[in-house]
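A closer look at the structure
Here's the letter readout for the chains.
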Amino acid sequence: MSQGNDLVTSLLRPEIIALKAYQTEDASNLIKLDAMENPYTWPAGMISEWLETLRQSEPNRYPDPNAKKLKTAIRKCYELPDSLELLLGNGSDEIIQILLMAISATNTRVVAPEPTFVMYRQIAQCLGMNYEGVPLREKDFSLDLERMIECIQRYQPAVIFISYPNNPTGNLFAEEDILAILESAPGVVVLDEAYAPFAGATFLKYLGQFGNLLVMRTLSKLGLAGLRLGFLVGSPTWINQFEKLRLPYNINTLTQISAEFALSNYEILRTQTQQICEDRAYLFEKLRTMDALTPFSSSANFILFRLEHADANQVYENLKAAGILIKNIANAGGLLSNCLRVTVGKPEENNSFLTALDGILSDHG
Ligand SMILES: *Cc1c(COP(=O)(O)O)cnc(C)c1O
C-alpha cells in the first residue's frame, strides 16, 4: 500500500496531488437550493413530446460528432450570425478545459477577478498554468479596474475569465470596465455568461468588434443542468483551433436530441426564468428586512448574503438540519467570510428557507 502511495507521488504531477476534488453535498430529502438549478420541470404535454423525439434516437450508434442539428438550433435560438463559430462542450466546464489546454504552456498566466467561479483556477492549476486572482472591491464586489489593468500589464495574461454576472457574488460588472479590459488585454478574454438568462445583458454583440473576445454560455442554469451542454461563441480563427482538442463524441446522443428539443420550446424556459427573476426580487426584499444579515443584489438566479451577527457555518448547519440545503462559502475566506449563497427556488421553497432562516436567527439573537 505504501509502495502504491510512493508510486502515486512519484508519477503524478505535484499540481495534481495538491488539488482538492470538487465537493458536492448529498441533497437527498432536502430542499435543494445549493446549485443554481432551475427548480421547474416541463408541462406534461411537453414531456410526452420530448420522449417521442427520444424514440427516434439510436443509442447503438455514435452521436453526430459535429452535433449539426443542435448547432443549428443554438444558432437560431441565440440569433448568431454565420460569421461566428460554435464549440460545444460537455458543460461549460469542459469548454474551460479545452480552451486552457489549447493555450497552456510554461509560464502562461490566467487571470480572473476574485471571488469568482472556482473552476477557472482549478483547471488552470491542474494544467500547470499560473493563476492570478484580482480582488473585487470590498464594498459592492465591483470590478477594481485599476488593479485589473495593473495585473494585465504586469503578467500579460494569456487568458482572462470574467463571469458575467459573477458567481458567487451575483452582480454584473460595469460594461465600460470590461470594454477597457478587452482593449488592454494582450490575450483572450472569456466572458462566462452562465447566468445570462437572468441578467438581460450580454457581450455577444461585441464579438465582431474584438478579435480577442470569446463568449461562453451553458444550458445548465437555464434549466438543463442534467444534460451537460455548454458552448463557446467566437471567430472561426479561435474556435477551429479549439475544435481539434474536443473529443469527437463529447456531446452524447440523448443530450443532442433533448437540448435541440428544449431550445425549440424556448418560450417555456423563458417563462420559468422570468418567474425565477420575480421570485429573486421577493427573496431579496425579505432578506433585506433581516437585521442579522446583508444580502447582495443579484442579476443571477441566486443571492449571496453575509451574516453580520451570527456564524455562517452554524446557520448553514442549522438550515440543513431544518431540511434546507444552500451553499456554504463562508470558509473561502477573504471577501466571502461569513457568507452563504442561496439559489432561488420555487416560491414555496423560498418561503421554507426564509421561515427556517428567520427561526434560526432569532434563536441566535
Ligand atoms: C455553473 C457555472 C458554470 C458551469 O456550467 P456547466 O455548463 O454546468 O459546466 C460555468 N460558469 C459559471 C460562472 C457557473 O456558475
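Just so you know, these numbers come straight off a predicted model, no measurement behind them.

1. Quick look at the overall build of the protein
- The number of helices and strands found in the protein is 14 helices and 13 strands.
- The C-alpha radius of gyration of the protein comes to 21 Å, within 12% of the 21 Å expected for a compact globule of 365 residues.
- Seen through its principal axes, the protein has C-alpha atoms that stretch 60 × 55 × 55 Å.
- With 365 residues in all, the protein has 50% of them scored as buried.
- Surface accessibility of the protein: about 17,500 Å² in total, with carbon and sulfur atoms responsible for 50%.
- Positive and negative charge centroids in the protein, built from 31 and 42 side chains respectively, lie 5 Å apart.

2. Comments concerning the packing of helix 4 (residues 68-77) against helix 11 (residues 253-264)
- It is at 9 Å that the axes of helix 4 and helix 11 come closest, and there the two elements cross at 25°. In this view, helix 4 runs roughly parallel relative to helix 11, as classed from their interaxial angle. In this structure, the crossing between helix 4 and helix 11 has a hand that is left-handed. Seen from helix 4, the contacting residues are Lys 69, Leu 70, Ala 73, Ile 74 and Cys 77; seen from helix 11, they are Gln 256, Ala 259, Glu 260 and Leu 263.
- Grouping the amino acids of the contact of helix 4 with helix 11 by side-chain chemistry returns 6 nonpolar, 1 polar and 2 charged.

3. Points about helix 13 (residues 312-321)
- Those residues of helix 13 that sit buried are Ala 312, Val 315, Tyr 316 and Leu 319. On an axial view of helix 13, the arc spanned by its buried residues comes to 100°, and they lie on one face.
- Gly 323 sits one or two positions beyond helix 13 and adopts a positive phi of about 90°.

4. Thoughts on empty space enclosed by the protein
- Under the criterion given, the structure shown has 1 cavity of 30 Å³ or more.
- Considered as a void within the structure, the largest cavity measures approximately 40 Å³ in volume.
- In terms of lining, the largest cavity is formed by Pro 65, Asn 66, Ala 67, Lys 71, Leu 88, Glu 243, Arg 246, Asn 250 and Ile 251.

5. Topic: a nonpolar patch on the surface
- Side chains of Leu 7, Val 8, Leu 11, Leu 12 and Ile 17 sit close together on the surface and give an oily, nonpolar patch of about 460 Å² of accessible area.
- Counting residues per element, the nonpolar patch draws most heavily on helix 1 (residues 2-11), which supplies 3 residues.
- Assignment of secondary structure puts Ile 17 in helix 2 (residues 14-18).

6. A look at the site of the ligand
- Taken together, 14 residues lie around the ligand, and Asp 192, Tyr 195, Thr 218, Ser 220 and Lys 221 are the ones closest in.
- Contact distances for the ligand include 2.5 Å between a nitrogen atom and a side-chain N or O atom of Asp 192.
- Between the ligand and the protein, one listed contact pairs an oxygen atom with a side-chain N or O atom of Lys 221 at 3.2 Å.
- For the ligand, whose accessible area on its own is 380 Å², the fraction buried by protein is 93%.
- Spatially, the ligand is embedded in the largest pocket.
- Contributions of two or more residues to the shell around the ligand are made by helix 5 (92-103) and helix 9 (220-224).
- Tallied by class, the residues present in the shell around the ligand amount to 4 nonpolar, 6 polar and 4 charged.

Reading the values: rules and limits
Residues numbered from 1 in each chain as written. Predicted model: local features only at pLDDT ≥ 70, side-chain atom pairs only at ≥ 80, totals over all residues. Heavy atoms only, no water. Helix = DSSP H or I, 4+ residues; strand = E, 2+ residues; numbered from the N terminus. Rg over C-alpha atoms; globule rule 2.2 N^0.38 Å. Buried < 20%, exposed > 50% of the residue type's maximum accessible area, 1.4 Å probe, protein only. Areas by Shrake-Rupley, 256 points an atom, 1.4 Å probe, with all protein chains shown as cover. Lys, Arg positive; Asp, Glu negative; His and termini not counted. Charge placed at Lys NZ, Arg CZ, Asp CG, Glu CD. Axes fitted to C-alpha atoms, helices over the stretch in contact; angles between N-to-C directions. Parallel < 35°, antiparallel > 145°, perpendicular 65-115°, else oblique. Left-handed = near helix turned anticlockwise from the far one by under 90°. Contact = heavy atoms within 4.5 Å. Nonpolar A, V, L, I, M, F, W, Y, C, P; charged D, E, K, R; others polar. Arc of directions from axis to C-beta. 1 Å grid on protein atoms, 1.4 Å probe; cavity = no way out; pocket = protein on both sides within 12 Å on 5 of 7 lines; lining within 4 Å. Points joined across faces, edges and corners; volume = space filled by probe spheres on them. Patch = residues over 30% accessible without salt bridge, like charges linked within 9 Å, V, L, I, M, F, W, Y side chains within 5 Å. Salt bridge = Lys/Arg side-chain N within 4 Å of Asp/Glu carboxyl O. Near = heavy atom within 4 Å. Polar contact = N/O pair within 3.5 Å; in protein donor to acceptor, adjacent residues only side chain to side chain. Sits in = over half its atoms within 2 Å of the grid points.

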